[in-house]
Amino acid sequence: MSARVLIPPSGAPPSPAGPTVDAAALRRAFRDRYGREPRLFQAPGRVNLIGEHTDYHDGFVLPLAMDRGTVVAAAPREDRRVRVLSLDAGEERDLDLGQPAVARRGEWLDYVEGVARELEVGVGRLRGADLMVHGDVPVGAGLSSSASLEVALGTALLSLSGRRVGRRRLARLCQAAEHRYVGTRCGIMDQLTAAAGRAGHALLIDCRSLRTTPIPLPADRAAVLVVHSGVRHRLASSGYNDRRAESESALRAIAPERPALRDVRPAEVEREGLDPLLQRRARHVVLEIDRTRRAARALRRFDLDAFGALMVESHRSLRDDYEVSTPELDALVEAALGQPGVYGSRMTGGGFGGCTVTMARPSAAQAVGAAVEAAFEARFGRRPMWFVTGAADGARELVGQTG
Ligand code: GLA
């Protein structure tokens, strides 16, 4: 059996309803391998429009769930084993829920182990399962392939065991899986977007209350272009945890009695005597939270010029104050901003590689993608991958698929 059967033909338009993964082919592959009929569950990757490195300071973020994601084909087992075939990794692994948990093996099985174990602690005993996984979110690109895998797995495992939890709870448990079993101290944005995304909308998330407010983003009025710099990041090793620790130190230096940088005012960051590095980290977080609120208001009134200007400010802040951009990301942003029909552009996700997100007029989006590709190739000697994404729904069971 080959993973190739599941990859959509090149140039296939992204489906507005879900990922480009061929669900019918996945179903057939599962039947061939395990001789049983699976159920299919899906969770999207995300692209963050603005609000970067703010979620773990109780701030605001404004992502959308993409029309790319991870699909899990799943059938229950009578024992407590969880057997998983990843078509993307090209390997099958298994674990036994009856045995002690193993954390941080340093491979994709950590996500499976983490989600299953956290669900057992937080929700209750699970049945064993046979699982087959396939996704079309580029890995290490800052588009939350991991959260999409976690939330799809969680949805599948809960459903096979006849259990239900709310979307926020599911997101929290998947986040805990990533902290404990993978070792990245991520915020809540990725998992909550994968769980609670809304088709045709961006999601303003208050990361303190976890309240999500959908804001319309009609595809015929604004195009979201994602360009991958081709530099893969590894969040756990690439400084994400360092940035989190630095900004937490900044909070302790500025206002130790307050719960998070969300509770700090811009003027307080600028006080004399603060360590310059901590000051830069805090400045980014505090101003980015404010930018995100303003960007959400601009999007509500569909003022894309104002929105785009805030995206550009966000990028500069991530580059200069938070220091998580790269020369490749900066070049992609500059190239996009030089194109007609572009409202704004910035790096997206944790940084240290990965993608940029560009908001453009729908009629201009393809030309912008092609121009950015050419400019990048001229400078770095290779072509970046890019696509235009719609905004999709969060995790769900795929029902009524053919095959
Ligand atoms: C990663 C983390 C998120 C968030 C972003 C930066 O994607 O998983 O929680 O912190 O980086 O905004």
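One structure accompanies this document, and this report is about it.

Parameters and conventions
- Residues numbered from 1 in each chain as written.
- Predicted model: local features only at pLDDT ≥ 70, side-chain atom pairs only at ≥ 80, totals over all residues.
- Heavy atoms only, no water.
- Helix = DSSP H or I, 4+ residues; strand = E, 2+ residues; numbered from the N terminus.
- Polar contact = N/O pair within 3.5 Å; in protein donor to acceptor, adjacent residues only side chain to side chain.
- Contact = heavy atoms within 4.5 Å.
- Buried < 20%, exposed > 50% of the residue type's maximum accessible area, 1.4 Å probe, protein only.
- Near = heavy atom within 4 Å.
- Areas by Shrake-Rupley, 256 points an atom, 1.4 Å probe, with all protein chains shown as cover.
- Nonpolar A, V, L, I, M, F, W, Y, C, P; charged D, E, K, R; others polar.
- Expected span 1.5 Å × (residues − 1).
- Pairing = 2+ DSSP bridges.
- Axes fitted to C-alpha atoms, helices over the stretch in contact; angles between N-to-C directions.
- Phe/Tyr/Trp six-rings, centres within 6.5 Å; stacked < 30°, edge-to-face > 60°.
- Core = buried A, V, L, I, M, F, W, Y, C linked by side-chain atoms within 4.5 Å.

1. Focus on the side chain of Asn48
Here's step 1: As for its placement among the helices and strands, Asn48 is situated in strand E1 (residues 39–50).
Here's step 2: Within the local environment of Asn48, its side chain forms a polar contact with the side chain of Glu52, the two groups lying 2.9 Å apart.
Here's step 3: Polar contacts involving the side chain of Asn48 include one to the main-chain amide nitrogen of Leu62, which spans 3.4 Å.
Here's step 4: Other than its neighbours up to four places away in sequence, Asn48 contacts Val61, Leu62, Pro63, Met189, Arg346, Thr348 and Val357.

2. Remarks on helix H10 (residues 327–337)
Here's step 1: Most of H10 is tucked away: 8 of the 11 residues are buried.
Here's step 2: Taken residue by residue, H10 has Glu328, Leu329, Asp330, Ala331, Leu332, Val333, Ala335 and Ala336 as its buried positions.
Here's step 3: For H10, the secondary structure elements touched by its buried residues are strand E8 (223–228), helix H9 (304–320), strand E9 (342–348), strand E10 (355–360) and helix H11 (365–380).

3. Describing the site of the ligand
Here's step 1: Taken together, Arg46, Glu52, His53, Asp55, Tyr56, Cys186, Gly187, Met189, Asp190, Tyr240 and Gly350 make up all the residues around the ligand.
Here's step 2: Separating an oxygen atom of the ligand from a side-chain N or O atom of Glu52 is a distance of 2.6 Å.
Here's step 3: Here His53 contributes a backbone N or O atom positioned 2.7 Å from an oxygen atom of the ligand.
Here's step 4: When isolated, the ligand has an accessible area of 310 Å², and the protein chains bury 98% of it.
Here's step 5: Its residues placed into classes, the shell around the ligand shows 4 nonpolar, 3 polar and 4 charged.

4. Notes on helix H1 (residues 23–34)
Here's step 1: Given a rise of 1.5 Å per residue, 12 residues ought to cover 16 Å, and the 16 Å separating the end C-alpha atoms of H1 matches this to within 8%.
Here's step 2: Among the residues of H1, Ala23, Ala24, Ala25, Leu26, Arg27, Ala29, Phe30 and Tyr34 are the ones counted as buried.
Here's step 3: Turning to H1, the residues buried within the fold contact E1, strand E2 (60–76), strand E3 (81–86), strand E4 (91–96), strand E5 (129–135) and strand E12 (396–398).
Here's step 4: The first or second residue beyond H1 is Gly35, which carries a positive phi of 65°.

5. With respect to the sheet that holds E10
Here's step 1: Spatially, 4 strands are ordered E9-E10-E8-E11 in an open sheet, and the strand pairing comes out antiparallel. Looking at which strands have only one partner, the edges of the open sheet turn out to be E9 and strand E11 (385–389). The average undirected angle you get between the axes of adjacent strands in this sheet is 20°.
Here's step 2: In terms of strand pairing, E8 meets E11 through 5 bridges, oriented antiparallel. Counted as the bridge partner of Val227 is Trp386 from E11.
Here's step 3: Relative to the sheet, H9 contacts E9 and E10, its axis offset from that of E9 by approximately 30°.
Here's step 4: Its contacts with the sheet put H10 on E8, E9 and E10, and the angle it makes with E9 is roughly 175°.

6. Description of the environment of Arg68
Here's step 1: You can see Arg68 is positioned in strand E2.
Here's step 2: The spatial distance from the C-alpha of Arg68 to the C-alpha of Leu126 is 28 Å, given a sequence separation of 58 residues.
Here's step 3: A polar side-chain atom of Arg68 sits 3.0 Å from the main-chain carbonyl oxygen of Asp136.

7. Quick notes on the packing of aromatic side chains
Here's step 1: In total, this model carries 3 aromatic pairs according to the counting rule given.
Here's step 2: The interplanar angle of 75° and the centroid separation of 5.7 Å between the aromatic rings of Tyr56 and Tyr240 together place this pair among those described as edge-to-face. A residue pair is termed long-range when its members are at least 10 positions apart, and Tyr56 in the loop between E1 and E2 and Tyr240 in helix H6 (residues 240–254) qualify at 184 residues. Grouping residues by exposure puts Tyr56 and Tyr240 together as buried.
Here's step 3: Judged by centre distance (4.6 Å) and plane angle (35°), the rings of Phe376 and Phe380 are tilted. Here Phe376 pairs with Phe380, and both are found in helix H11, just 4 residues apart, close to one helical turn.
Here's step 4: For Phe380, a relative accessible area of 25% gives the class partly exposed.

8. Observations regarding the nonpolar core
Here's step 1: Core analysis: the largest hydrophobic core is formed by 53 residues, its most contacted members being Leu49, Leu62, Leu143, Leu299, Phe307 and Met359.
Here's step 2: Those elements that place two or more of their residues in this core are E1, E2, strand E6 (201–206), E8, H6, helix H8 (276–300), H9 and E10.
Here's step 3: Looking at which element gives the most residues to this core, the answer is H8, with 9 residues.
Here's step 4: Each residue touching Leu49, except ones within four places of it in the same chain, is listed here: Leu62, Pro63, Leu64, Ala202, Leu217, Val224, Phe307, Met311, Arg346, Val357 and Met359.
Here's step 5: Counting residues in hydrophobic clusters, the runner-up holds 35 residues, among them Ala74, Val112, Val133 and Leu149.

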